[in-house]
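# Structure assessment
Here is how the chains run, residue by residue.
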Amino acid sequence: MTSEAAPVYTRRHWAKFNGEDRTIHLLEHHLADVGACFEALLAQPIIRQRLARAGGLESLDDATAARLCVFAALHDIGKVNVGFQTRVWQDADFPQGRRPAAFRRVGHYNELVPVLAEEWFFNALGWWHKATSSWDDRDGETVCALFIATLSHHGRPLQLEGGLSHNRVIWESFGQLDPRECVERIGRLVQDWFPAAFSEGALPLPSSPAFQHTFLGLCNWADWIGSNEAWFPYVDAPQEDYFQLAQKRAEKAISTVGLDLAGQRSAFTGVPGFGELFDIEGSPEPNAIQQAAAIDTPLGKRLVIIESETGSGKTEAALWRFAKMYEAKLVDGLYFALPTRAAAVQIHGRVKGFIANLLPESHRPPVVLAVPGYEPGEDADAIGLPGYNPWWDDHHDAERPWATENPKRFLSAQIAVGTVDQAMMGALKVKHAHLRAACLSRSLLVVDEVHASDAYMSRILRALLEAHLGAGGYALLMSATLGSSARRSWLAAGPAPRAVDSLSLEEAIGSPYPAVSTTAPDGESLRRVEENGQTKTVGVSLEPVMHDFEAVARRALEAAREGAKVLVVRNTVGHAIRTQQTLEEAAGPGDKGLLFDVGGVVTLHHGRFAAVDRQLLDRRVEELLGKDRDAGGRVVVGTQTLEQSLDIDADLLITDLCPVDVLLQRIGRLHRHRRDSRPNQCKAPACIVLTPGDDLSPLLARTENANGLGPHGGVYEDLRTLEATRRLAAGREWRIPAMNRELVERATHPEALEEIVRELGDEWRVHANNVEGGQIADGLTAANAILRRDKSFFTDNRDILFGSLEERIRTRLGDDRVDVVFDPPPASPFVGSPRIERLAVSTRWLGGADVQEPVSPDTTDGGFAFAIDDRRFIYDRLGLRRLTA
């Protein structure tokens, strides 16, 4: 075979290979694509400003930007090695008719590490040694760190020591491929592409490690965009003007993914009036908390915390503030982070309507539902983002190409609503963390329902805020029940993190509520806000029947027979299902219409339903108990899934004992709207709190029926806060929101908890020590999982490596569910729901079983059953359950 007749992939260095038609995209062209994409990213003012702020600069000069483009273009230079190049060769392409042993399983980034210690590589680039002296004022450390960062674009920081042994053969000439000659050509090309990088007299590159980490995220982003064949078609021959072509394609690609907002901003005519923005009839005025958050608080404040009662319009306050910040060109986008998937799905529709009123239709971005498991086909408003599936591009997951990995791309959307863990993964040692953080940097990060009950999550959220704010980003936190210690801790996580001074219990109780707080030179600026016109006095009583399902069912049915809408919230799915079953048994012939149903199928509400069914459940709950509900009694049983985001207006609340902040959330679903049609016995809001008795001490020992309470309950482990809540709820009237601050502080403040321990004795002291020790351990575990943005890719390489923590990190975040795919998809137990193609199952239930292959379900009466290894499950109107032998 003559040299010209040989396949092109054996004669020229390639970066992308199409396995179907065996075509290639030249390495030099792909480097041009990604360099041009990085250049186009930096042409976006806010993205450029965020990168500058990460480096401690107010702005980024053109020479610095060009030098960063050079590094971005070099991201795949490790692909010059012939071991990688011959991965696509067939046996007949080799001179001996077979692949040499040294060429087997060769990659392109770890294999480059040993070469970085050799002179030939940098000599071949031609300009490297001059760059280390003229671009860098730290003897080359900054240049080396940025180069290592760009080589880490595969998703994890590159390990400089202890990696693969040096495979010298792959760096020598083989056939028509010469790695050194290719490096020399690339070195000349980047000088032609980015001449400003090599200008004399430019400032040294920023040496901040945070700058390196932000640069990596943008480099990863540019590589994703520049690797899309739809935007950058393959070209297999050298082309003199290719870089100019790549620049045009990059500009179009950046616009396609919604990053170039010039057209959108030119069409934007300003923020509409409050009523028009939120589709409120008449000429409504914003309430006090909305006015304080969006108008009275300066837009330049990087971190704002809104504290106000449930149902007071915090969501509208956050969206209105975003609209004003967008108008002021402080942010480009919005990520609205919710604590649960269901809450995100509920808020998604509201944000979609808000964006429709804010931005012109011709330039309106899609509102992405950033919730894994909710596919576009399941929610017409949820969209997938563009992806690609390049062959042999092994810096992405080989088994899951980007085209199917929406979660890693969620934060690149201009407007997205999702779970808080998607944002948190930008602060953790998980693959593509830098990409997530870089995408998020241009957006206002809104976190709903922040709290301090989990030391692990709080520490990670603080790290996320420090990184986001440190790069010049903006964040807004919201809570109905935030304690003073938690509030001051969040505010201390600003661009310059500092120690937190604590308030005494009485000082904390005296803090204003509702309130808007921001950072101030002396700590915090806490603005008192008038109440929002939604005051209510709730009669709270205790009934020691938490385990008496018949008593709970009887009490709920009695109220429903009198025409009341009754909400029963249990701490665990097990207790919720038993309550539902007992309720059905207790219901007489005339009571069937009192039970919660979907399309005539009686059911309950919790988190172990398929996504398609969960949407039906959510809609039905709001239909029966929402603002526009019909008259007549009804009982809805559920779990914590009923606490947040659903617009529920119950006449009577029956709830398990839980921490006071959670209880206030549940009470937020009681008498949520003003109405005159409530039954006589429910004219005044009442909350019945179910307890295991007057003494919680037995829960300190292991028990089989803790229902989520105490150290063995698995949900609310700190019995001190539960005991404090029990005392506050004993036959009291709670004036909301006037008492919110006092209630939260008296059940969460360290002084209040210490008083309970002193009173109850040694057994409780041991429990307190265990809880506080666990919180310290959780904080240390979180610290070990957090990405070290204060460490350099070059001088502190060991400190930034991820190791093998990723699976445990995802599990601890709650991202531990595995999608079980069914073939054929079984029917839902509810009429009107699509067939169930997949179902999320906790890894704890699977016991390590492999679920890579589709599962064949067995139809049962009203549902279906399936097995994974020796574990059997059933899914029906009561949700997903494990079957015991």
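## Thoughts on the overall build of the chain
Helix and strand counts for the chain come out as 31 helices and 24 strands. Relative to the compact-globule value of 29 Å for 885 residues, the chain shows a C-alpha radius of gyration of 30 Å, a close match. Looking at the chain alone, contacts between residues at least 24 apart form 75% of all its contacts between residues at least 6 apart. Surface accessibility of the chain: about 34,700 Å² in total, with carbon and sulfur atoms responsible for 46%. In the chain, the 97 positive side-chain charges and the 121 negative ones have mean positions that sit 1 Å from each other.

## Overview of the pattern of salt bridges
Throughout the structure, instances matching the rule amount to 36 salt bridges. A salt bridge links Arg620 to Asp597, with the nearest nitrogen and oxygen atoms 3.0 Å apart. One end of the pair, Arg620, is in helix 23 (residues 611–625); the other, Asp597, is in strand 13 (residues 597–598), with 23 residues separating them in the sequence. Given the relative accessible area of 12%, Asp597 is considered buried. A salt bridge links Arg727 to Glu723; its shortest N-O distance comes to 2.7 Å. Here Glu723 and Arg727 lie together in helix 25 (residues 719–728), a separation of 4 residues that amounts to about one turn. Residue class for Arg727 comes out partly exposed when judged on its relative accessible area of 28%. Taken together, the salt bridges that share partners define one network made up of Arg629, Asp649, Asp651, Arg675 and Arg678.

## Details of the pairing of strand 6 (residues 415–419)
Among the 5 residues that make up strand 6, 5 are buried, leaving the element largely enclosed by the rest of the structure. Pairing between strand 4 (residues 333–338) and strand 6: 5 bridges, direction parallel. The partner of Leu334 across the bridge, within strand 6, is Ile415. Two elements, strand 5 (residues 367–370) and strand 6, share 4 bridges in a ladder whose sense is parallel. Among the inter-strand pairings, Ala370 is bridged to a residue of strand 6, identified as Gly418.

## Description of a negative patch on the surface
Taken together, the side chains of Asp850, Glu853, Asp869 and Asp870 present a region of like negative charge at the surface. By secondary structure assignment, the location of Asp870 is in the loop between strand 22 (863–868) and strand 23 (871–876).

## Remarks on helix 13 (residues 288–296)
Residues of helix 13 that are buried: Ile289, Gln290, Ala292, Ala293 and Ala294. Down the axis of helix 13, the smallest arc covering the buried residues is 170°, so these residues share one side. The residue sitting at the N-terminus of helix 13 and contributing the capping side-chain oxygen is Asn287; that oxygen lies 3.3 Å from the backbone nitrogen of Ile289.

## Examining the packing of aromatic side chains
Two descriptors summarise a pair of aromatic rings, namely the distance from one centre to the other and the angle between the planes of the rings. Throughout the structure, instances matching the rule amount to 38 aromatic pairs. The interplanar angle of 85° and the centroid separation of 5.9 Å between the aromatic rings of Phe71 and Trp135 together place this pair among those described as edge-to-face. One end of the pair, Phe71, is in helix 3 (residues 62–73); the other, Trp135, is in the loop between helix 6 (128–134) and helix 7 (141–151), and 64 residues separate them in sequence. Judged by its relative accessible area of 0%, Phe71 falls in the buried class. Ring geometry for Trp127 against Phe198: centres 5.5 Å apart, planes inclined by 70°, an arrangement best described as edge-to-face.

## A look at the packing of helix 21 (residues 549–561) against helix 22 (residues 573–586)
Two elements in contact, helix 21 and helix 22, have axes separated by 9 Å at closest approach and are oriented at 60°. Judged by the angle between their axes, helix 21 and helix 22 are oblique. For the element pair helix 21 and helix 22, the recorded crossing hand is right-handed. Between helix 21, through Phe549, Glu550, Val552, Ala553, Ala556, Leu557 and Arg561, and helix 22, the contact on the second element is made entirely by His575, Arg578, Thr579, Thr582, Leu583 and Ala586. Of the residues belonging to the contact of helix 21 with helix 22, the class tally is 7 nonpolar, 3 polar and 3 charged.

## Here we look at the side chain of Thr721
Among the structural elements, Thr721 can be located in helix 25. Engagement of the side chain of Thr721 in a polar contact is seen with the backbone oxygen of Asp718, the distance being 2.9 Å. Setting aside chain neighbours within four positions, we find Thr721 in contact with Pro659, Ala747 and Leu753.

## A look at the sheet that holds strand 18 (residues 732–736)
Spatially, the 6 strands line up as an open sheet ordered 15-12-16-17-11-18, and their pairing is mixed. Each of the sheet's edge strands pairs with one partner strand only, and the pair in question is strand 15 (634–638) and strand 18. With direction set aside, neighbouring strand axes in the sheet form an average angle of 20°. Here strand 12 (residues 565–569) runs beside strand 15; their pairing, made up of 5 bridges, is parallel.

## Some points on the sheet that holds strand 23
The sheet built from 4 strands is open, its strands ordered 21-22-23-24 with antiparallel pairing. In this open sheet, the two strands that pair with only one neighbour each are strand 21 (858–860) and strand 24 (879–883). With direction set aside, neighbouring strand axes in the sheet form an average angle of 30°. Strand direction decides the pairing type here: strand 22 and strand 23, joined by 5 bridges, are antiparallel. Within strand 23, the residue paired with Ala865 across the bridge is Ile874.

## Here we look at the state of the cysteines
Applying the stated criterion across every chain, the model contains 0 disulfides. Just so you know, Cys69 is unpaired, no disulfide at all, and the nearest cysteine sulfur is the one on Cys219, 10.0 Å from it. No disulfide involves Cys182; its sulfur sits 18 Å from that of Cys219, the nearest cysteine. With a relative accessible area of 12%, Cys182 lands in the buried category.

## Here we look at helix 2 (residues 45–54)
In terms of residue burial, helix 2 counts as a mostly covered element, since 7 of its 10 residues are buried. Those residues of helix 2 lying buried are Ile46, Ile47, Arg48, Arg50, Leu51, Ala52 and Ala54. The secondary structure elements touched by the buried residues of helix 2 are helix 1 (27–42), helix 3, helix 9 (209–226), helix 11 (262–267), helix 18 (455–470) and strand 8 (474–479). Looking at the residues trailing helix 2, positive phi occurs at Gly56, about 75°.

## Considerations on the packing of helix 1 against helix 8 (residues 179–193)
Their axes nearest at 11 Å, the elements helix 1 and helix 8 cross at an angle of 30°. You can see that helix 1 and helix 8 cross each other, and the crossing is right-handed. Listed contacts from helix 8 to Leu27, Glu28, Leu31 and Ala32 of helix 1 are Cys182, Arg185, Ile186, Leu189 and Trp193. In terms of residue class, the contact of helix 1 with helix 8 is made up of 7 nonpolar, no polar and 2 charged.

## A closer look at unusual backbone geometry
Omega for the bond connecting Tyr513 with Pro514 falls within 30 degrees of zero, at -5°, which places this linkage in the cis form. Inspection of the secondary structure puts Pro514 in the loop between helix 20 (505–509) and strand 9 (515–520). The omega torsion across Ile736 and Pro737 is 10°, close enough to zero to call that bond cis. In this fold, Pro737 is placed in the loop between strand 18 and helix 26 (740–748). The phi angle at Asp139 is positive, at roughly 55°, despite the residue not being glycine. Secondary-structure assignment places Asp139 in the loop between helix 6 and helix 7.

## Quick word on the nonpolar core
Counting residues in each nonpolar core, the largest one holds 142 residues, and the members touching the most others are Phe38, Ile77, Phe121, Phe147, Trp221, Ile225 and Leu445. Here the element with the most residues in this core is helix 1; it accounts for 10 residues. Those residues in contact with Trp221, other than ones at most four positions away along the chain, are Leu41, Ile47, Leu259, Ser412, Leu435, Ala438, Cys439 and Arg442. In this structure, Ala556, Leu617, Leu652 and Met739 belong to the second largest nonpolar core, which totals 95 residues.

## Some thoughts on empty space enclosed by the protein
The final tally for this structure, using the stated rule, is 2 cavities of 30 Å³ or more. Space inside the largest cavity adds up to approximately 40 Å³. Taken together, Lys16, His25, His30, Asp33, Gly226, Ser227, Asn228, Glu229, Phe232 and Tyr234 make up the full set of residues lining the largest cavity. Of the residues in the lining of the largest cavity, the class split is 2 nonpolar, 5 polar and 3 charged. Of the voids in this model, the second largest cavity is the one considered here, and its volume is about 30 Å³.

Calculation criteria
- Residues numbered from 1 in each chain as written.
- Predicted model: local features only at pLDDT ≥ 70, side-chain atom pairs only at ≥ 80, totals over all residues.
- Heavy atoms only, no water.
- Helix = DSSP H or I, 4+ residues; strand = E, 2+ residues; numbered from the N terminus.
- Rg over C-alpha atoms; globule rule 2.2 N^0.38 Å.
- Contact = heavy atoms within 4.5 Å.
- Areas by Shrake-Rupley, 256 points an atom, 1.4 Å probe, with all protein chains shown as cover.
- Lys, Arg positive; Asp, Glu negative; His and termini not counted.
- Charge placed at Lys NZ, Arg CZ, Asp CG, Glu CD.
- Salt bridge = Lys/Arg side-chain N within 4 Å of Asp/Glu carboxyl O.
- Buried < 20%, exposed > 50% of the residue type's maximum accessible area, 1.4 Å probe, protein only.
- Pairing = 2+ DSSP bridges.
- Patch = residues over 30% accessible without salt bridge, like charges linked within 9 Å, V, L, I, M, F, W, Y side chains within 5 Å.
- Arc of directions from axis to C-beta.
- Polar contact = N/O pair within 3.5 Å; in protein donor to acceptor, adjacent residues only side chain to side chain.
- Phe/Tyr/Trp six-rings, centres within 6.5 Å; stacked < 30°, edge-to-face > 60°.
- Axes fitted to C-alpha atoms, helices over the stretch in contact; angles between N-to-C directions.
- Parallel < 35°, antiparallel > 145°, perpendicular 65-115°, else oblique.
- Left-handed = near helix turned anticlockwise from the far one by under 90°.
- Nonpolar A, V, L, I, M, F, W, Y, C, P; charged D, E, K, R; others polar.
- Disulfide = S-S within 2.5 Å.
- Core = buried A, V, L, I, M, F, W, Y, C linked by side-chain atoms within 4.5 Å.
- 1 Å grid on protein atoms, 1.4 Å probe; cavity = no way out; pocket = protein on both sides within 12 Å on 5 of 7 lines; lining within 4 Å.
- Points joined across faces, edges and corners; volume = space filled by probe spheres on them.

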